[in-house]
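Structural overview
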Amino acid sequence: MTMNHWVMDYETLKNCFVAVFTHYKTEETYIFSICKLQNDYEKFIEFLKQNIDNNEWHISYNGLAFDAQVTQNIIKDHQYGRHEKMDGESIAEEIYGYAQDAIKRSNNRDFQKFPEWDLTIKQIDVFKLNHWDNVAKMSSLKWIQYSMDWNNIIDMPIHHETSIDTQDQLDLIIKYCINDVESTKEIFIRSKPLIALRKNLTDQYNINLYSASEPRISKELFAYYLSKELKIPKYELKKLRTFRSIIKINSLILDYIKFETPEFKNLLERFKAVELDPLHTKGGFKYSVKYKGVKTDFGLGGAHGATRPGVYESDEENIIMSSDVTSFYPNLAIMNKIAPAHLDQKAFCDLYEWFFNERKKIPKSNPMNYVYKIILNSTYGLSNDKNSFLYDPQFTMFITVNGQLTLMMLYEMIMLAIPEAIPLLQNTDGVETIIPRSKIDLYMEVCKKWEEITNLNLEHDQYKKIVLADVNNYIAINNDGETKCKGRFEFKNLALHKNKSKLIIPKAIYAYFVDGILPEDTLQNNKNILDYCIGGKSKGNWKQVARSIQEGIPNEEDLQKINRYFISNKGVKITKVNKSDGREIQLESGRWMQTLYNDAKSQEWLSYDINQKYYLDAIEREINNILGVKTNQISLFE
């Protein structure tokens, strides 16, 4: 029997409620309106009953915190007969009250009225499972629509406090709701591998993980195994935490960490002097070391260093070596028998090591390899999360401080053993270095010695070329021709929460340095308008306005919070305006004009009127920066 599950969305206005459901596999769609113009309440209730009786799920964007809360309120109130003899407008007003309560709870970071386990209709929340509720990845549906090049990212033009009195208004709301459902369905389709993985884990462990983010999967599975090992109920384990008033870094530094050069000896002493309030660690430690002409910055999170921008290539005499520590953070804990203080040290480390060893046995093509990777990587992060049973900020500091110092030991050992070596990058878990080909064996001996000292393992690669802007932004090409693009040079398979604006720029830079294609040729040949588009966001008390001159008269139009636009020869100036104090920030400062493209309608290429100089200038600046061409020198492309 084929199951019927529904991708859905609600629009809740002051006196109007609209619900749209589309089958997760087919085009079958149901639309329900409850207002004074139309009252589909009974049909809607029958549909929900069908969902319940047939175990049909709802698939939504942020549904656990909103749509599912509204649904559950409607189901409960219907059971108690609350809506009997009420007209459509009155029911819509009731539903609006549920919606506002859910929004208020979310804004206040309060628990919702109905936890997931108490919902009558099961849910898949693509917002939650993609972890777009995380501060670092926070993304609205509109932003994800922009990121996946959705044709229509237009906001609902009617404010929720507006009284809906006309059919045109209702039709507009329905159209908007359908658009959101269709885009949510596209996210669901793109998330199918993630959902399949969560289904398998849910079935295997009898834990509902359908809407679980990766950190939550890590937390749940680690708790599952650890509670068995410690023979304590999972609910008791989840209550555990270690809170600290002070963390003395000197007590955490591993005995084997020693340096020979003054620069790193000073770094070690600086770290030893640090005493931290774990609740206020931001900016708690900052220090820089200049060694072999390269500045490396240190903090509480990680080390980051890079030589000057440039194109660095292997040749007949020299080779670029790359060495990364295998599962660096997990193995620092495993090999040094370190655990959050409230957990049994042996049980924690044995389990952590078991996950590491199990992952090595499983091919990367097997989804469980990815699951174990999630657990290994997320556990460290959860040790600094007060909502996690792994919380112990001292454990976090042990990992990050010793990680930096241990990596610097490797860096120093390579430089002392091979004086001709040229350091390129030092970043969190690895180093990239140019060495003479004649010294490869010596390089490997040094790495082996470091492995013996630390009980950690290194993975090595060799690069043909590194195109380096800075420590976070580079293109690396290994001997097999595989490329790795980092930071603003990324353009392939970008995660949807990331900003994909002006993809034409990294594409052109990649084409220039990897394939030898001039930027002018890339611009001439690339006629995908979406590669030229930019996403503009406004948050909080800021709004966006579009300003133009029409027939000699200044014109200003308020825009939505997220806008897609490109740089054109004519158009408008999009400006962020602070609604409190009137401060203004142009999205594109200077003479550049913009064309809004929220409704992506295809047209003849020349009619877009793209300002190619804007994009070429940006590409040229980046390339010239890498090649070391100064602004007062002749431009690369003139």
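This report concerns the structure included in the present document. Starting afresh in each chain, residues are numbered from 1 along the sequence in its written order. Whole-chain, interface and lining totals are the exception, using all residues; otherwise, since this is a predicted model, local features are given only for residues with pLDDT of at least 70 and side-chain atom pairs are given and counted only at 80 or more. Excluding hydrogens and water, the side-chain values take into account all heavy atoms of the structure.

Some remarks on the overall build of the protein
On a plain count of helices and strands, the protein comes out with 18 helices and 24 strands. Radius of gyration: C-alpha atoms only; globule rule: 2.2 Å multiplied by the number of residues to the exponent 0.38. Taking 26 Å as the expected radius of gyration for a compact globule of 638 residues, we find that the protein reaches 28 Å, a close match to that expectation. If one aligns the C-alpha atoms of the protein with their principal axes, the spans along those axes are about 85 × 75 × 50 Å. Relative to its 638 residues, the protein shows a buried fraction of 53%. For the protein, long-range pairs separated by at least 24 residues make up 66% of all intrachain contacts whose partners lie at least 6 apart in sequence. Of note, the protein has its 81 positive side-chain charges centred 4 Å away from the centre of its 86 negative side-chain charges. Strands here are runs of E lasting at least two residues and helices are runs of H or I lasting at least four, both read from the DSSP assignment and numbered beginning at the N terminus. Working definition: with a 1.4 Å probe on protein chains only, accessible area under 20% of the residue-type maximum means buried, over 50% means exposed, and in between means partly exposed. Contacts are assigned to residue pairs that have any heavy atoms within 4.5 Å of one another. As used throughout, the charge tally considers Lys and Arg to be positive and Asp and Glu to be negative, leaving His and the chain termini uncounted. One atom stands in for each charge, and that atom is NZ of Lys, CZ of Arg, CG of Asp or CD of Glu.

Examining the packing of helix H7 (residues 192–205) against helix H13 (residues 367–382)
H13 packs onto H7 with a crossing angle of 80° between their chain directions and a minimal axis gap of 11 Å. When the axes of H7 and H13 are compared, the pair comes out roughly perpendicular. Facing Leu197, Leu201, Gln204 and Tyr205 of H7, the residues of H13 in contact are Pro367, Met368, Tyr370 and Val371. The axes are straight lines fitted to the C-alpha atoms, using for helices just the contacting stretch, and the angles between their N-to-C directions are given from 0 to 180°. Any angle that falls under 35 degrees is termed roughly parallel, while one over 145 is termed roughly antiparallel, one within 65 to 115 roughly perpendicular, and all others oblique.

A word on the sheet that holds strand S21 (residues 562–568)
If you trace the three strands from one edge of the open sheet to the other, you get S18-S21-S24, paired in antiparallel fashion. The outermost strands of the open sheet, each flanked by one partner alone, are strand S18 (534–537) and strand S24 (593–596). The average angle at which neighbouring strand axes cross in this sheet is 50°, direction not considered. Whether two strands pair depends on DSSP finding at least two bridges between them. In this sheet, S21 lies alongside S18 in antiparallel orientation, the contact comprising four bridges. When the sheet's bridge partners are listed, glycine 535 is paired in S21 with arginine 564.

Some words on the layout of surface pockets
Cavity: a set of points on a 1 Å grid over the protein atoms alone where a 1.4 Å probe fits but cannot get out. Pocket: an open set with protein on both sides within 12 Å along at least five of seven lines, its lining residues, like those of a cavity, having an atom within 4 Å of a point. Grid points are joined across faces, edges and corners, and a volume is the space filled by probe spheres set on the points. Of the pockets and cavities examined, the second largest pocket occupies roughly 1,700 Å³. The wall of the second largest pocket is formed by 41 residues, among which Asp324, Lys373, Asn377, Asp429 and Lys486 lie closest to the centre. Mapped by element, the contributors of at least two residues to the lining of the second largest pocket are strand S12 (318–325), helix H11 (328–335), helix H12 (345–361), H13, strand S14 (430–436), strand S15 (458–470) and strand S17 (483–486). For the lining of the second largest pocket, the leading source of residues is H13, giving six residues. Each residue belonging to the lining of the second largest pocket can be placed in one class, and the counts come to 13 nonpolar, 14 polar and 14 charged. When residues are sorted by character, Ala, Val, Leu, Ile, Met, Phe, Trp, Tyr, Cys and Pro go into the nonpolar class, Asp, Glu, Lys and Arg into the charged class, and all the rest, Gly among them, into the polar class.

Overview of unusual backbone geometry
Despite not being glycine, asparagine 493 has its phi angle at roughly 50°, a positive value. With respect to the element layout, asparagine 493 can be found in the loop between S17 and helix H16 (504–515). Since its relative accessible area comes to 79%, asparagine 493 is described here as exposed. Even without a glycine there, the phi angle at glutamate 551 is positive, about 55°. Inspection of the secondary structure assignment puts glutamate 551 in the loop between strand S19 (542–550) and strand S20 (553–558). Overall, the relative accessible area of 83% leaves glutamate 551 in the exposed class.

Remarks on the pairing of S20
Across six bridges, S19 lies against S20 in antiparallel orientation. Counterpart to glutamine 550 in the pairing with S20 is isoleucine 553. Joining the antiparallel neighbours S19 and S20 is a turn of two residues, in which glutamate 551 adopts a positive phi near 55°.

Overview of the pattern of salt bridges
In a structure, side chains of opposite charge can pair up when their charged atoms sit close to one another. The salt bridge criterion pairs a side-chain nitrogen of Lys or Arg with a carboxyl oxygen of Asp or Glu, the two atoms within 4 Å. By the definition in use, this model includes 30 salt bridges. For arginine 216, the salt bridge goes to glutamate 220, with nearest N and O atoms at 3.6 Å. Of this pair, arginine 216 and glutamate 220 both sit in helix H8 (residues 214–230), four residues apart, which is roughly one turn of that helix. With a relative accessible area of 26%, arginine 216 lands in the partly exposed category. Sharing partners across several salt bridges, the network here consists of Arg216, Glu220, Lys234 and Lys238.

Quick look at helix H15 (residues 440–454)
Quick reminder: α-helices carry 3.6 residues per turn. Residues three or four places apart thus point the same way. By this rule the span expected of a helix is its residue count minus one, scaled by 1.5 Å. Look at H15: 21 Å from first C-alpha to last across 15 residues, which is about the 21 Å you get at 1.5 Å a residue. Those residues of H15 that fall on the buried side of the exposure criterion are Ile440, Tyr443, Val446, Cys447, Trp450, Glu451 and Thr454. The buried residues of H15 all sit within an arc of 140° when viewed along its axis, so they share a single face. Exposed and oriented more than 90 degrees from the buried face of H15 are Asp441, Glu445, Lys449 and Glu452. Phi turns positive one or two residues past the end of H15, at asparagine 455, with a value near 65°. For this quantity, the arc is that covered by the directions from the helix axis to the C-beta atoms.

Digging into the sheet that holds S20
If you walk across this open sheet you meet the four strands as S20-S19-S22-S23, and the pairing is antiparallel. Two strands bound the open sheet, and with one partner strand each, they are S20 and strand S23 (584–586). Adjacent strand axes in the sheet meet at a mean angle of 30°, parallel and antiparallel pairs treated alike. Pairing geometry for strand S22 (residues 573–578) and S23, over three bridges, is antiparallel. Residue pairing for S23: lysine 576 is matched across the bridge by isoleucine 585.

Some thoughts on the packing of aromatic side chains
Here the aromatic set is Phe, Tyr and Trp, taking the six-membered ring for Trp, and pairing holds for ring centres within 6.5 Å; pairs whose planes are under 30 degrees apart are stacked, those over 60 apart are edge-to-face, and all others are tilted. Throughout the structure, instances matching the rule amount to 49 aromatic pairs. The rule is short: NZ of Lys or CZ of Arg within 6 Å of the ring centre and within 35 degrees of the ring normal puts a charge over the ring. Just above the ring of phenylalanine 489 sits the side chain of arginine 488; from NZ or CZ to the centre is 5.8 Å.

Re the packing of H8 against H13
Relative orientation of the contacting elements H8 and H13 amounts to 90°, with a least axis distance of 8 Å. The pairing of H8 with H13 is recorded here as roughly perpendicular in orientation. Seen from H8, the contacting residues are Glu214, Pro215, Ser218, Lys219, Leu221 and Phe222; seen from H13, they are Tyr370, Val371, Ile374, Ile375, Ser378, Thr379 and Leu382. By residue class, the composition of the contact of H8 with H13 is eight nonpolar, three polar and two charged.

Side note on the side chain of threonine 71
Position of threonine 71 among the secondary structure elements: in helix H2 (residues 67–79). Among the residues examined, threonine 71 registers a relative accessible area of 2% and is labelled buried. By the criterion applied in these results, polar contacts are pairs of N or O atoms within 3.5 Å in which, for protein atoms, one can donate a hydrogen and the other can accept it, and in which residues neighboring in sequence qualify only through two side-chain atoms. There is a polar contact of 2.6 Å between the side chain of threonine 71 and the side chain of tyrosine 10.

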